[in-house]
Amino acid sequence: MSDNSLPIVSGPAPVTPPRACRSIRRTSTIDTSWPEGRRNPMLQQGRARDLLTLDDVRHPALLAEDRFTARLTPTRQILEISAIPPRADIVGLVGSRAGGQLRRGINDALPQERAQGTPLYLLLDDIAGSSLVAAWAWSHWDPEWREPVSDAETKALRPTMEGVCIGFRPGSPALIDGVPGPDQNFRHVDSLDVVDDPHGWHVLTPQQGVSARRARRIDVRIDGGCGRILIGAHFQDSAPLPSGERVAVHEYMLEAVADADSMTLLSIRADPRILPYDQCPMAILNIGRLAGTPLAELRDEVLARLARTEGCTHLNDMARSLAEVPQMAAALRVALMG
C-alpha cells in the first residue's frame with residue numbers, strides 16, 4: 001500500500017461507553033511526572049482495577065485493584081518500585097531497564113502475576129511503553145525538550161528508531177536521520193472520566209504541570225447464545241497543556257471476538273483515532289493475522305507475528321493486553337453462575 005492510500009485516522013474516540021450488564025471492565029492508568037525536573041528521575045504511578053457489573057449497573061463489585069509507584073532514570077532504568085497490595089518480590093525489578101529486559105524480569109520475579117492475569121501484571125508490562133512515550137509531554141511545555149546535554153545522553157535518549165515499527169520503516173518520511181520528526185500529530189481530548197457513569201473508571205488523580213498519562217480500558221462480555229467472548233478495548237496516551245486542556249498523541253479502539261470454549265481469537269479489528277505520524281495507521285492492516293491465536297498466547301505471539309515493521313508497538317501492546325481476557329471471562333462466569 002502506498003502512502004497515498006493510508007488508512008484513515010478518524011479523530012478522538014467517543015466518550016467512554018457505559019458498563020454493560022453482565023460484564024467485567026478492566027481500567028488502568030500510568031501517570032508519569034518529573035518532580036525534580038526533566039533531566040532527573042521520572043516518577044510513575046500506576047493504578048488498575050477490575051469491576052464486575054451484573055444486572056444492576058448502579059452497584060458493581062470490585063474484583064481486584066492494584067497500584068505501583070516507581071522511580072526511573074532518564075534512560076528508563078528502575079531505581080525504586082513498590083506495589084499496593086505489597087508484593088515482596090517486586091524489588092527484583094530494581095536495576096532493570098524498561099523494555100525487553102524489564103519484561104523478562106517481570107516474568108522471572110513475579111511469574112504468578114502473569115499466570116493469574118492480575119491488573120498489576122498489565123501495569124508492570126506497560127512500564128516499557130509508557131516510560132518511552134512520556135517524554136512527549138514536555139513538547140508542550142519546553143521548546144528545547146529534545147535537546148540533550150551530552151553525546152552519551154543523545155545516544156540513550158534519542159536512539160535510531162528506523163525499523164522499530166511500521167511507521168518508522170526504512171525510508172519513512174516520519175524519520176529524520178533515523179529519529180522521529182518533531183512535527184507530531186495530536187488532538188485535543190476530554191478527560192476520560194467525563195462520563196455519566198460514576199464507576200466507569202477508577203479514580204483518576206488530577207495532573208498538574210508536565211505529566212503524561214497512559215490509559216487502557218478492556219470490556220469483556222459473554223454471549224452465551226453464540227458461545228463467544230465479546231471484547232471492546234480503548235488505549236490512549238495523553239498529557240495536560242499549560243492552559244489546562246488535554247491532548248493525546250496515541251489513541252486506538254479495538255473490537256475482538258473469541259470462542260468461549262477454546263478461548264481462541266476469532267476476529268480482531270482496530271480503529272486508529274489519534275496517531276503521531278501519517279504512516280502509523282498502516283499497522284491495522286496486519287492485525288487480522290492474529291485470528292486463530294489462543295488468547296493466553298497473545299503476549300508472545302503478537303511480538304512474533306507483528307514484529308518491528310509489521311506492526312505498531314502501541315497497537316501490539318493493545319493486542320497483547322487481551323492475553324488476560326481468559327481470567328476475566330472465568331471470573332465473569334463464576335459470578336453469573338452464583
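To be clear, the structure that these remarks concern was listed above.
Here the structure is a predicted model, which means the values were calculated and not measured.

### Structural notes on helix H6 (residues 298–305)
Since one α-helical turn is 3.6 residues long, residues separated by three or four positions face the same way.
Inference 1: Inspection of H6 places Leu 298, Arg 299 and Val 302 among the buried residues, and these make up the whole buried set. Taken down its axis, H6 places every buried residue within 110° of arc, on the same side.

### Thoughts on the pairing of strand S11 (residues 265–274)
Inference 1: Of all 10 residues that make up S11, seven are buried, and the element is covered over most of its length.
Inference 2: In this sheet, S11 lies alongside strand S10 (residues 246–259) in antiparallel orientation, the contact comprising eight bridges. Of the residues in S11, the one forming a bridge with Tyr 252 is Pro 272.
Inference 3: Counting the residues that bridge the hairpin from S10 to S11 gives five residues, and of these Met 263 lies at a positive phi of roughly 55°.

### Observations concerning the environment of Gly 311
Inference 1: Mapped onto the elements, Gly 311 comes out in the loop between H6 and helix H7 (313–320).
Inference 2: A relative accessible area of 2% means that Gly 311 is categorised as buried.
Inference 3: As a C-alpha pair, Gly 311 and Thr 75 span 236 residues in sequence and 24 Å in three-dimensional space.
Inference 4: For Gly 311, the contacting residues outside a window of four places in its chain are Cys 165, Ile 166, Ala 283, Leu 306 and Asn 316.

### Here's the deal with the pattern of salt bridges
Inference 1: Per the counting criterion, the structure on display carries 27 salt bridges.
Inference 2: Between Asp 126 and Arg 214 there is a salt bridge, and its shortest N-O distance comes to 3.3 Å. A residue pair is termed long-range when its members are at least 10 positions apart, and Asp 126 in the loop between helix H3 (119–125) and helix H4 (127–133) and Arg 214 in strand S8 (residues 211–223) qualify at 88 residues.
Inference 3: The exposure class assigned to Asp 126 is buried, which follows from its relative accessible area of 4%.
Inference 4: The exposure class of Arg 214 is buried, given its relative accessible area of 2%.
Inference 5: Notably, a salt bridge pairs Arg 216 with Asp 126, separated by 2.8 Å at the nearest N-O pair. Here Asp 126 lies in the loop between H3 and H4 and Arg 216 lies in strand S8, a separation of 90 residues in the sequence.
Inference 6: Judged by relative accessible area, Arg 216 falls into the buried class, the value being 3%.
Inference 7: Beyond isolated ion pairs, a larger network of salt bridges with shared partners links Arg 103, Asp 125, Arg 299, Asp 317, Arg 320 and Glu 324.

### Details of the environment of Arg 104
Inference 1: As for its position among the elements, Arg 104 is in helix H1 (residues 100–109).
Inference 2: Its relative accessible area of 55% is what places Arg 104 among the exposed residues.
Inference 3: Measuring from C-alpha to C-alpha, the distance between Arg 104 and Asp 125 comes to 9.7 Å, with 21 residues separating the pair along the chain.

### Considering the nonpolar core
Inference 1: In this structure, Ile 229, Tyr 252, Ile 268, Leu 315 and Leu 322 are the most contacted members of the largest nonpolar core, which totals 46 residues.
Inference 2: Residue assignment for this core shows that the elements contributing at least two residues are S8, strand S9 (228–240), S10, S11, H6, H7 and helix H8 (325–337).
Inference 3: Contact partners of Ile 229, with chain neighbours within four places excluded, come to Val 220, Arg 221, Ile 222, Ala 256, Val 257, Ala 258, Ala 260, Met 263, Val 325 and Ala 329.
Inference 4: Counting 33 residues, the second-largest nonpolar core is a separate cluster that includes Met 42, Ile 78, Tyr 121 and Ile 127.

### Description of the packing of aromatic side chains
Inference 1: Tallied over the entire structure, the rule returns two aromatic pairs.
Inference 2: A centroid spacing of 5.6 Å and a plane angle of 65° characterise the contact between Trp 34 and Trp 138, whose relative ring orientation is edge-to-face. You can see Trp 34 sitting in the loop between strand S1 (23–33) and strand S2 (42–53) and its partner Trp 138 sitting in the loop between H4 and helix H5 (151–157), a full 104 residues away along the chain.
Inference 3: By relative accessible area, which is 11% here, Trp 34 ends up buried.
Inference 4: For Trp 138, a relative accessible area of 12% gives the class buried.

### Here we look at the side chain of Asp 125
Inference 1: Within the secondary structure, Asp 125 sits in helix H3.
Inference 2: Classification of Asp 125 by relative accessible area gives buried; the value is 3%.
Inference 3: Of the polar contacts made by the side chain of Asp 125, one reaches the side chain of Arg 299; its length is 2.9 Å.
Inference 4: The residues contacting Asp 125, other than those within four sequence positions of it, are Arg 103, Ile 106, Arg 299 and Arg 320.

Cut-off values and rules
- Residues numbered from 1 in each chain as written.
- Predicted model: local features only at pLDDT ≥ 70, side-chain atom pairs only at ≥ 80, totals over all residues.
- Heavy atoms only, no water.
- Buried < 20%, exposed > 50% of the residue type's maximum accessible area, 1.4 Å probe, protein only.
- Helix = DSSP H or I, 4+ residues; strand = E, 2+ residues; numbered from the N terminus.
- Arc of directions from axis to C-beta.
- Pairing = 2+ DSSP bridges.
- Contact = heavy atoms within 4.5 Å.
- Salt bridge = Lys/Arg side-chain N within 4 Å of Asp/Glu carboxyl O.
- Core = buried A, V, L, I, M, F, W, Y, C linked by side-chain atoms within 4.5 Å.
- Phe/Tyr/Trp six-rings, centres within 6.5 Å; stacked < 30°, edge-to-face > 60°.
- Polar contact = N/O pair within 3.5 Å; in protein donor to acceptor, adjacent residues only side chain to side chain.

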